[in-house]
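Read off the chains here:
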Amino acid sequence: EFRKEKENEIKRNKLMKLASLCKLKILPQFVFRNSHPAIFGVKVEGGVAKRGIELINQDGEEVAKIKALQSEGKGIEEAKKEQEVAISLPGITFDRQLKDVEFLYSNIGEAQYREFKANKALLSQEEIKVLQEIAQIKRKKKATWGV
């Protein structure tokens, strides 16, 4: 039993190194800087937000990579579900590109999606839900994405 749990934990860690799934709700009342880089508040709705994750909006358009995460004035490596943190995104202007956007998602490739799907047993229910939402967004542009 212990060995099986340990194997699943190792597989899960390998899977999460591929890419991190996350869904972020933008908190428009917390815009600290509009650009260079844009710094604003988000709430992690699902998955884990980490530095370096490429984000897309709900239309599937690439936004930017997370440059840094901060919680209560301190830099952090990752933010888990329900955490409210500030993120900085270089190369965008909040008012122009994110003003009407409610959610941001991690941008994963088709191969990574298939890998997550093949190892669905290792994911939590909310991670599976985020994965399905990302797939729906990607399929707006390409109907056979991830199939």
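For the structure, see preceding data.
Everything quoted here is computed from the prediction, not taken from an experiment. (Residues numbered from 1 in each chain as written. Predicted model: local features only at pLDDT ≥ 70, side-chain atom pairs only at ≥ 80, totals over all residues. Heavy atoms only, no water.)

Regarding the environment of Gly60
Along the polypeptide, Gly60 turns up in the loop between β4 (54–57) and β5 (62–65). Separated by 73 residues in sequence, Gly60 and Glu133 place their C-alpha atoms 11 Å apart. (Helix = DSSP H or I, 4+ residues; strand = E, 2+ residues; numbered from the N terminus.)

Describing helix α4 (residues 125–141)
In this model, α4 (17 residues) spans 26 Å end to end at C-alpha, consistent with the 24 Å of a helix rising 1.5 Å per residue. Those residues of α4 that fall on the buried side of the exposure criterion are Glu127, Ile128, Val130, Leu131, Glu133, Ile134, Ala135, Ile137 and Lys138. (Expected span 1.5 Å × (residues − 1). Buried < 20%, exposed > 50% of the residue type's maximum accessible area, 1.4 Å probe, protein only.)

Quick word on the packing of helix α3 (residues 110–118) against α4
In contact at an axis separation of 11 Å, α3 and α4 are set at 145° when each is read in the N-to-C sense. The two elements α3 and α4 meet at a crossing, and its hand is left-handed. Counted together, Tyr113, Phe116 and Lys117 of α3 and Leu131, Ala135 and Arg139 of α4 form the full contact between these two elements. (Axes fitted to C-alpha atoms, helices over the stretch in contact; angles between N-to-C directions. Left-handed = near helix turned anticlockwise from the far one by under 90°. Contact = heavy atoms within 4.5 Å.)

With respect to the pairing of strand β6 (residues 68–71)
Burial along β6 is one-sided: Leu69 and Ser71 are buried, and none of Ala68 and Gln70, which face the opposite way, are. Sheet topology note: the β6/strand β9 (residues 84–89) ladder contains 3 bridges and is antiparallel. Counted as the bridge partner of Leu69 is Ile87 from β9. (Pairing = 2+ DSSP bridges.)

A closer look at the side chain of Asn107
Assignment of secondary structure puts Asn107 in the loop between β10 (103–106) and α3. Only 3.4 Å separates the side chain of Asn107 from the side chain of Glu62, close enough to count as a polar contact. The contact partners of Asn107, leaving out residues within four places of it in the chain, are Glu54, Leu55, Ile56, Glu62 and Lys138. (Polar contact = N/O pair within 3.5 Å; in protein donor to acceptor, adjacent residues only side chain to side chain.)

So, the sheet that holds strand β2 (residues 38–47)
Strand pairs in the sheet, formed through backbone hydrogen bonds, run parallel or antiparallel to each other. With respect to topology, 8 strands assemble into an open sheet ordered β5-β4-β10-β1-β2-β9-β6-β7, the strand pairing being antiparallel. Looking at the sheet topology across the chains shown, the edges are occupied by β5 and β7 (74–76). Ignoring strand direction, the axes of neighbouring strands in this sheet form an average angle of 40°. The sheet contact formed by β2 and β9 spans 6 bridges and is antiparallel.

Comments concerning the nonpolar core
Core analysis: the largest hydrophobic core is formed by 24 residues, its most contacted members being Leu24, Phe40, Leu55, Ile87, Leu89, Leu98 and Leu104. Residue assignment for this core shows that the elements contributing at least two residues are β1 (22–33), β2, β5, β9 and α2 (94–98). Broken down by element, this core gets its largest block of residues, 4 residues, from β2. Those residues in contact with Ile87, other than ones at most four positions away along the chain, are Leu24, Ala38, Ile39, Phe40, Val42, Leu55, Ile66, Ala68 and Leu69. Counting 15 residues, the second-largest nonpolar core is a separate cluster that includes Tyr113, Ile128, Leu131 and Ala135. (Core = buried A, V, L, I, M, F, W, Y, C linked by side-chain atoms within 4.5 Å.)

Some thoughts on the pattern of salt bridges
Within the structure shown, the criterion is met by 11 salt bridges. Put simply, Arg3 and Glu7 hold a salt bridge, and the shortest N to O gap is 3.6 Å. Taken as a pair, Arg3 and Glu7 lie in helix α1 (residues 2–18) at a separation of 4 residues, close to a single helical turn. Overall, the relative accessible area of 65% leaves Arg3 in the exposed class. Salt-bridge contacts for Lys43 lead to Glu82; the nearest nitrogen and oxygen are separated by 3.3 Å. Here the residue Lys43 occupies a position in strand β2, and Glu82 occupies one in the loop between β8 (78–79) and β9, the gap between them amounting to 39 residues. (Salt bridge = Lys/Arg side-chain N within 4 Å of Asp/Glu carboxyl O.)

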